[in-house]
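As a plain string of letters, each chain reads:
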Amino acid sequence: MTAPCVAAAQTVAARGDIVANVARHVALARRAAAEGARLVLFPELSLTGYEPTLAAELALSPDDARLAPLRDVAARERISVVAGAPLANADGKPLIAALTFTPQGGLHVYTKQYLHPGEETAFAPGTGGAALDVDGRRVALAVCAEIAHARHAAAAAEDGARLYAASVLVSVNGYAADAALLQGYAAVHRMPVLMANHGGMTGGWESAGRSALWDERGELVVAAAGGGECLLVARCDTAGWSGQVV
């Protein structure tokens, strides 16, 4: 197995504009790949913005033609791209999904199991999904409110995850508490934690930005200084983790 290199893309979503958001995802995925990353993680509902009132009309199917550029860039750059989207659900309300476009041209679907209070008016709870395989390492996905459930991270660790990758929308007021949870999971489970947050206003929420990676001791390795679009890249070698904002 090669030494891991992963990235968190902190984005400022164009409200409801899937085509524009896909284009920014492609550009950031290319940059992440150029830095050597084998995985790039985007925030919750990154392809539409966090827009519950628009979720039903924006809901995507996995084979939506607008997603093709993400499938293409993942295969061409040999990188796993984890993007957030409302996913059409034949049983009713859309699901909140993390869609992973793999280097092999496939699609891995993860759906958010634990909704934030109030989200049930626009979304249905999902069923989670299997861990990703990134160069032989298990990567467990989490979507926002799931990080508030300690059993979610514990189950990931028990399943052998070598990285807990959380796509979130964390507000300025909520950041301290949520970051403390993630830092704690890293230390307790000896499992590095990568968090990708929105970098601007979305759905009426003032996002904190400050996307980050904590190592297996719970030490902060790298974090964005605040909001705005940016890319965090983190690497691990025999000396441990290091990171930069690019």
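This text gives an overview of the structure that appears in the document. (Residues numbered from 1 in each chain as written. Predicted model: local features only at pLDDT ≥ 70, side-chain atom pairs only at ≥ 80, totals over all residues. Heavy atoms only, no water.)

**A closer look at the overall build of the chain**
For clarity, the threshold we go by: Numbering of helices and strands runs from the N terminus, with a helix taken as a DSSP run of H or I at least four residues long and a strand as a DSSP run of E at least two residues long. With the radius of gyration taken over C-alpha atoms, the globule rule is written as 2.2 Å times the number of residues to the power 0.38. The buried label applies to any residue whose accessible area, calculated with a 1.4 Å probe on protein chains only, is under 20% of its type's maximum; exposed applies above 50%, and partly exposed to all values in between.
Helix and strand content of the chain: 5 helices and 13 strands. For 246 residues, the compact-globule formula gives about 18 Å, and the C-alpha radius of gyration of the chain, at 16 Å, lands near that figure. Taken along its principal axes, the extent of the C-alpha atoms in the chain is 50 × 40 × 35 Å. Taking all 246 residues of the chain together, 54% fall into the buried category.

**Focus: the sheet that holds strand β5 (residues 107-111)**
Convention followed: Strand pairing requires that DSSP identify at least two bridges connecting the strands. An axis is simply a line fitted to the C-alpha atoms; with a helix, the fit covers only the stretch in contact. Between two such axes, the angle follows the N-to-C directions and lies from 0 to 180 degrees. Pairs of residues are marked as contacts when any of their non-hydrogen atoms sit within 4.5 Å.
Read across the open sheet, the 7 strands follow the order β5-β4-β3-β2-β1-β12-β13; overall the sheet is mixed. Bordering the open sheet on either side are β5 and β13 (240-245), each of which pairs with just one other strand. If you compare each strand with its neighbour and ignore which way they point, the axes differ by 30° on average. In this structure, strand β4 (residues 92-101) lies alongside β5, joined through 5 bridges in antiparallel fashion. Bridging from a neighbouring strand, T100 pairs with H108 of β5. Those strands touched by helix α3 (residues 68-77) are β3 (80-89), β4 and β5, and its axis lies near 155° from that of β3.

**A word on helix α5 (residues 175-189)**
Our working definition: The length a helix should cover is 1.5 Å for every residue beyond the first.
With 15 residues, α5 extends 21 Å from end C-alpha to end C-alpha; this agrees with the ideal 21 Å at 1.5 Å per step. Where α5 is buried, its residues touch α4 (150-158), β8 (163-167), β9 (193-196) and β10 (212-214). A positive backbone phi angle near 50° is found at R190, which sits one or two residues after α5.

**Comments concerning the environment of L182**
Tracing the chain through its elements places L182 in helix α5. On a C-alpha basis, the gap between L182 and I147 in space is 7.2 Å, while along the polypeptide they are 35 residues apart. Residues within four places of L182 in sequence aside, it is in contact with I147, Y164, A166, V193, M195 and W214.

**Here we look at the pairing of β3**
Among the 10 residues of β3, 8 are classified as buried, and the element is accordingly described as predominantly covered. Pairing between strand β2 (residues 39-41) and β3: 3 bridges, direction parallel. Bridged to L39 within β3 is S80. In this structure, β3 lies alongside β4, joined through 8 bridges in antiparallel fashion. Bridge pairing links L87 to L95 in β4. Two successive antiparallel strands, β3 and β4, enclose a turn made up of 2 residues.

**Some points on unusual backbone geometry**
One non-glycine residue, D135, adopts positive backbone phi at about 55°. Looking at where D135 falls in the secondary structure, it is placed in the loop between β6 (132-134) and β7 (137-143). Here the phi dihedral of R190 falls at roughly 50°; this positive angle occurs in a residue that is not glycine. Within the secondary structure layout, R190 lies in the loop between α5 and β9. Judged by its relative accessible area of 54%, R190 falls in the exposed class.

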